[in-house]
Amino acid sequence: MMDQEKCWIREQLFAYASHLLEPREADSVRLHVEQCDECLRIVAEFQRLDTVLDEWKAVAPSGAFGARVRAAVASRQSHTTFFGLRWTQVLAPVCLLVLMVTTSVIFLRVRKAHKLNNGSTQTTQIQNASAGQAEEELTLYQNLPVLEDEDYDMLADFDVLSELPRGDNKVAN
Amino acid sequence: MAMDQDLELMLRVRKGDSESFEVLLCRHRAPLVSFFIRMVRDQALAEDLAQEVFLRVYQARHRYQPEARFTTWLYRIATNLALNAIRDRKGSPAGLHFENREGESEAAKVADSQQAADQQMMQRERERLIRHAVESLPDKQCAAVILHKYQGVDYRQIARVLGVSESAVKSLLFRAYESLRARLEPLLKEGRL
């Protein structure tokens, strides 16, 4: 027997022993097995292996298993709402949306208030500045030195200044 | 036909029929727990994992599409959970506790069996050898053998469950059964220990 054929046949032996092959495949393996003592022995061992493996018995679930699963499912069910989604799965995006909208509204309001506040502050500053300037000017005028006699004489040469009153006629301020 | 019944039941569950889910639970709980016990070798963990499978089935009921057999879907979830549990256990110190616990329970079993008949003790020893032979296979081969031999899942379904081709499953099973034949040779030749 060629090695390649041997390999192909060996891969089929368990399936053949377990009656898992298609009829045509099973026929070709049978033809070979009937002529090959080694493969016949292997098939017999596989058949015994199948029986031996049956000795590993299944273990039944504990009596409480069904109740446990039912309780777990009921617990999930109570948290479940539309289309199998949990309340948390539905509420989370809704809460997030509400939070985002609220934050945006608060932000916009604060920004608006800040703008208004800024505007009024500037107006007040301008008003305050104008008032201060006027007061300073008034003080300056009030504190203007009154011309004395000698000053008057010195300045009398100027035509316009000569018309200013003398020292005894001080501007009463 | 069982396949059609499962599909029909699952379609009813999708529509909100909880009684159909109860029927599915009753039909599949024993094979599923048995599958997990063989895979993870711990009854408590096996039942936790089986419960998780049923919960996932229930949670995914609205998305369920009857494209394949119900059991293919069921065992796909189950096999993924089992392989993850085995991988986690291998990578954590808990694995040692698990082995110790198994050892203790084996010791208790042996102590019990001393009072029992010789036949029973011998049967336990044979079962232990078989279990160890299957457990010592690589994870995927182990899963394939348990699905094929003990759960009665066919090649095509195993291929879908493991996410490999059908020919890959044949090759996987061939190698697995060849290893088992070699490891269990004493049982095969002598028939009895």
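Along each chain, the written sequence defines residue order, and numbers are assigned to residues from 1. Labels are handed out in written order, letters beginning with A for the chains and numbers beginning with 1 for the ligands. Where local features are concerned, this predicted model is filtered to residues with pLDDT of at least 70; where side-chain atom pairs are given and counted, the filter is 80 or more; whole-chain, interface and lining totals use all residues.

Enquirer: I'd like a rundown of the overall build of chain A, residues and numbers included.
Expert: Strands are runs of DSSP state E lasting at least two residues, helices are runs of H or I lasting at least four, and both sets are numbered from the N terminus onward. Looking only at helices and strands, chain A features six helices and zero strands. Helices and strands in chain A line up, N terminus first, as α-α-α-α-α-α. The buried share among the 173 residues of chain A stands at 10%. Whether a residue is buried, exposed or partly exposed follows from its count of other C-beta atoms within 10 Å of its own C-beta, namely 20 or more, 12 or fewer, or something in between, respectively; the C-beta atoms are built from the backbone.

Enquirer: Which residues make up the overall build of chain B, and what are the values?
Expert: Scanning chain B for helices and strands turns up ten helices and zero strands. When each of the 193 residues of chain B is scored for burial, the buried share is 32%. Any two residues are considered in contact once their C-beta atoms, placed from the backbone, lie within 7 Å. Contacts in chain B between residues at least 24 apart in sequence constitute 61% of all its contacts with a sequence separation of at least 6.

Enquirer: Please set out the nonpolar core residue by residue, giving values where relevant.
Expert: Residues and elements named next belong to chain B. Linking buried Ala, Val, Leu, Ile, Met, Phe, Trp, Tyr and Cys residues through C-beta atoms within 7 Å yields a set, and such a set is a nonpolar core. One finds F36 and A144 to be the most contacted residues of the largest nonpolar core, which totals 61 residues. For this core, the leading source of residues is helix α2 (residues 18–40), giving nine residues. Residue contacts for A144: discarding those within four places in its chain leaves I158, L162, V169, L172, L173 and A176.

Enquirer: A description of helix α3 (residues 43–59) of chain B should follow, citing residues and the corresponding values.
Expert: For α3(B), spanning 17 residues, the distance from its first C-alpha to its last is 24 Å, which sits close to the expected 24 Å at 1.5 Å a residue. Taken residue by residue, α3(B) has B:A46, B:E47, B:L49, B:A50, B:Q51, B:V53, B:F54, B:V57 and B:Y58 as its buried positions. The length a helix should cover is 1.5 Å for every residue beyond the first.

Enquirer: Would you mind going over the interface of chain A and chain B in detail, with residue names and values included?
Expert: Contacts between the two partners involve 25 residues from chain A and, on the opposite side, 29 residues from chain B. Among the elements of the structure, α1 (3–17), α3 (37–53) and α4 (65–78) of chain A are those that each provide at least two residues to the side of chain A that touches chain B.

Enquirer: How would you explain the packing of α3(A) against helix α9 (residues 166–183) of chain B if you had to name every residue and give the values?
Expert: Contact geometry for α3(A) and α9(B): axes closest at 10 Å, N-to-C directions at 85°. By the angle class used here, α3(A) and α9(B) are roughly perpendicular. Only B:Y177, B:L180 and B:R181 of α9(B) make contact with α3(A), whose side of the interface consists of A:E45, A:F46 and A:L49. Of the residues assigned to the contact of α3(A) with α9(B), the class counts are four nonpolar, no polar and two charged. Each axis is a line fitted through C-alpha atoms, taken for helices only over the stretch in contact, and angles between the N-to-C directions span 0 to 180 degrees. Should an angle lie under 35 degrees it is considered roughly parallel, over 145 roughly antiparallel, and from 65 to 115 roughly perpendicular; all remaining angles are considered oblique. All amino acids are sorted into three groups, where Ala, Val, Leu, Ile, Met, Phe, Trp, Tyr, Cys and Pro are nonpolar, Asp, Glu, Lys and Arg are charged, and the leftover types, Gly among them, are polar.

Enquirer: Please provide a residue-by-residue account of the packing of helix α7 (residues 139–150) of chain B against α9(B), values included.
Expert: All names here are of chain B. The N-to-C vectors of α7 and α9 enclose an angle of 95°; their axes lie 9 Å apart at closest approach. Accordingly, the angle class assigned to the pair α7 and α9 is roughly perpendicular. In this structure, α7 contributes K140, Q141, A144, V145 and H148 to the contact, and α9 contributes V169, L172, L173, R175 and A176.

Enquirer: Give me the lowdown on α9(B), citing residues and values where you can.
Expert: Residues and elements named next belong to chain B. The terminal C-alpha atoms of α9 lie 26 Å apart, and with 18 residues this matches the ideal 26 Å at 1.5 Å per residue to within 8%. Listing the buried residues of α9 in full gives V169, L172, L173, A176, Y177 and L180. In an axial view of α9, the angular spread of the buried residues amounts to 125°, which keeps them on one side of the axis. Among the exposed residues of α9, those oriented more than 90 degrees off its buried face are S167 and A182. Working note: the arc is built from the helix axis to C-beta atom directions.

Enquirer: Break down the environment of B:I77 for me, with residues and values.
Expert: All names here are of chain B. For I77, the position within the fold is in helix α4 (residues 70–91). Look at I77 and you get partly exposed, because 19 C-beta atoms sit within 10 Å. With residues near it in sequence (within four places) discarded, I77 still touches V53 and R56.

Enquirer: Any details on the confidence of the model for chain B? Residues and values, ideally.
Expert: All names here are of chain B. The predictor's confidence in any single residue is recorded as pLDDT, a number from 0 to 100. Looking at chain B as a whole, its pLDDT mean stands at 84, while 83% of the residues score no less than 70. At the low end of the mean pLDDT range in chain B sits helix α5 (residues 94–115), at 51; at the high end sits α7, at 94. Segment residues 94–104: pLDDT under 50, and six contacts once partners within four positions in sequence are set aside and those in other chains are kept. Both scores are available for the predicted complex, with the pTM at 0.66 and the ipTM at 0.79.

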